[in-house]
Amino acid sequence: MSDLHERVRELADRLDRAHPMQILEAAAAEHGEHVAIAFSGAEDVILLEYLRQAERTCRVFTLDTGRLHPETHRFIARVEARYGLRIEARFPDHVAVEALVRRKGLFSFLSDGHEECCGIRKVEPLRRQLAELSGWITGQRRDQSPGTRSRLAVVELDEAHRGRDGRPLLKWNPLAARTSTEVWDAIRAFDVPHNELHDRGFVSIGCEPCTRSILPGQHEREGRWWWEQADKKECGLHEGNLAGLDRPADR
């Protein structure tokens, strides 16, 4: 086992039951200025509140696919004002977007799956962002997806991406062990702003064409890519979540 693998295992074991604030502090101590929070524009805003309470600063970025809800853009502006920061927006390569739309139209994902569109609009911009870092912080939780996130670790080695030194990054999931209820209890307790789409039944929020509200009792992932297989709903950002699943090689 490499030193990096051993370090990740040690951190994961030590922090497995830690509070998210402690995990954020550990990430900041580990990476200094070379770690950033990947902000989705949803309930992972609680990470920014925990960071503020820990009196830590950290880069924050978001992937603007060009197809986000206007409510998400307004929410990002409110979050910037609340926490006095600039959220770094990463955009897809316009040449690749134009080529896809000219070749297949605006809604090709409805017939041939979301992987190609997400690959251009999300995965490639993420790779560019992560190439500047040695660690990244996500808002993933084990209860978010029935088939792909149940074994999520607090700290993982992200071997799907390469960081600033050419090595795999450390991926931090401070909310891994938290439930949706616990996250929302914290948002309300600290009076943290939230995306107004949540008030209209949207639980998991992504691009406008691929996100819808859900009914009481439905799992949150039913509001994403509802025309596809329920237990494999990942856009490619978190490729490691698909490890071990029976899936096509290009997923």
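Residue indices begin from 1 for each chain and proceed along its sequence in written order. pLDDT decides what is reported in this predicted model: residues at 70 or higher carry local features, side-chain atom pairs at 80 or more are listed and counted, and totals for whole chains, interfaces and linings draw on all residues regardless. Side-chain calculation: all heavy atoms of the structure are included, whereas hydrogens and water are not.

Caption draft 1: Structural view of the packing of aromatic side chains. Each Phe, Tyr or Trp ring (for Trp, its six-membered ring) is paired with any other whose centre lies within 6.5 Å, and the angle between the two planes then decides the class: stacked below 30 degrees, edge-to-face above 60, tilted in between. Here the structure, examined in full by the defined rule, presents five aromatic pairs. Judged by centre distance (5.1 Å) and plane angle (85°), the rings of Trp 226 and Trp 227 are edge-to-face. Three or more aromatic residues joined by ring pairs form one cluster here, namely Phe 107, Phe 109, Trp 226 and Trp 227. A cation sits over an aromatic face here: Arg 67 above Phe 107, 4.9 Å from the ring centre. The ring of Trp 225 is capped by Arg 224, whose NZ or CZ atom sits 4.7 Å from the centre of that ring. In this scheme, the term charge over a ring applies when either NZ of a lysine or CZ of an arginine sits within 6 Å of the ring centre and within 35 degrees of the ring normal.

Caption draft 2: Inspection of the pattern of salt bridges at higher detail. A carboxyl oxygen of Asp or Glu within 4 Å of a side-chain nitrogen of Lys or Arg is what we treat as a salt bridge. Counted under the stated rule, the structure contains 21 salt bridges. Salt-bridge contacts for Glu 6 lead to Arg 9; the nearest nitrogen and oxygen are separated by 3.2 Å. Of the two residues, Glu 6 and Arg 9 are both situated in helix H1 (residues 3-15); the distance of three residues between them amounts to about one turn of the helix. In this structure, the salt-bridge partner of Arg 7 is Glu 30, at a minimum N-O distance of 2.6 Å. One end of the pair, Arg 7, is in helix H1; the other, Glu 30, is in helix H2 (residues 20-31), and 23 residues separate them in sequence. Connected through salt bridges with shared partners, the residues Arg 7, Glu 10, Arg 14 and Glu 30 form a single ionic network. Labels follow the DSSP assignment, with helices taken as runs of H or I lasting at least four residues and strands as runs of E lasting at least two, numbered in each case from the N terminus.

Caption draft 3: Geometry of the nonpolar core. Nonpolar cores are built from buried Ala, Val, Leu, Ile, Met, Phe, Trp, Tyr and Cys residues. Side-chain atoms within 4.5 Å join them into one set. Accessibility here uses a 1.4 Å probe with only protein chains present; expressed as a share of the type maximum, an area under 20% marks a residue as buried, one over 50% as exposed, and anything in between as partly exposed. In this structure, Leu 15, Val 155 and Trp 172 are the most contacted members of the largest nonpolar core, which totals 41 residues. Not counting residues up to four positions away in its chain, the partners in contact with Val 155 are Val 8, Leu 11, Ala 12, Leu 15, Leu 170, Lys 171 and Trp 172. In terms of nonpolar packing, the next biggest core, distinct from the first, is built from nine residues, Phe 61, Leu 126, Leu 133 and Leu 169 among them. Should any heavy atoms of two residues lie within 4.5 Å, those residues are considered in contact.

Caption draft 4: Region of the structure containing the pairing of strand E1 (residues 35-38). The alternating pattern of E1 places Val 35 and Ile 37 on one face and Ala 36 and Ala 38 on the opposite face, and all of these are buried. Paired strands, as defined in this entry, are two strands with at least two bridges between them according to DSSP. Judged from the three bridges that link them, E1 and strand E2 (residues 59-63) form a sheet pairing that is parallel. Within the sheet, the bridge partner assigned to Ile 37 lies in E2 and is Val 60.

Caption draft 5: Quick look at the packing of helix H3 (residues 46-53) against helix H4 (residues 70-83). Only the stretch in contact is used when fitting a helix axis, every axis being a line fitted to C-alpha atoms; angles between N-to-C directions are given from 0 to 180 degrees. It is the contact of H3 with H4, at a shortest axis distance of 11 Å, that shows an interaxial angle of 5°. Between H3 and H4, the crossing angle belongs to the class labelled roughly parallel. Listed contacts from H4 to Leu 48, Glu 49 and Arg 52 of H3 are Val 79, Arg 82 and Tyr 83. Each residue is assigned to one of three groups, with Ala, Val, Leu, Ile, Met, Phe, Trp, Tyr, Cys and Pro labelled nonpolar, Asp, Glu, Lys and Arg labelled charged, and all others, Gly among them, labelled polar. Partitioned by chemical class, the residues of the contact of H3 with H4 number three nonpolar, no polar and three charged. In what follows, roughly perpendicular refers to angles from 65 to 115 degrees, roughly parallel to angles under 35, roughly antiparallel to angles over 145, and oblique to any angle outside these ranges.

Caption draft 6: Spatial organisation of helix H7 (residues 115-130). Every helix has an expected span of 1.5 Å times one less than the residues it contains. Between the first and last C-alpha of H7 there are merely 20 Å, a value that for 16 residues lags more than 12% behind the 22 Å anticipated at 1.5 Å per step. Here the bend at a residue means the angle between the axes of two seven-residue stretches, the one that ends at it and the one that starts at it. Of all the bends in H7, the largest measures some 30° and sits at Arg 121, one to four residues before the proline Pro 125. Along H7, the residues that are buried comprise Cys 117, Cys 118, Ile 120, Arg 121, Lys 122, Val 123, Pro 125, Leu 126, Gln 129 and Leu 130.

Caption draft 7: Expanded view of the packing of H2 against H3. For the pair H2 and H3, the least separation of the axes is 9 Å and the interaxial angle reads 75°. By the criterion of interaxial angle, the relationship of H2 to H3 is roughly perpendicular. Judged by residue contacts, Pro 20, Met 21 and Leu 24 of H2 engage Leu 47, Tyr 50, Leu 51 and Gln 53 from H3.

As far as function goes, none of this settles anything; it's purely spatial.
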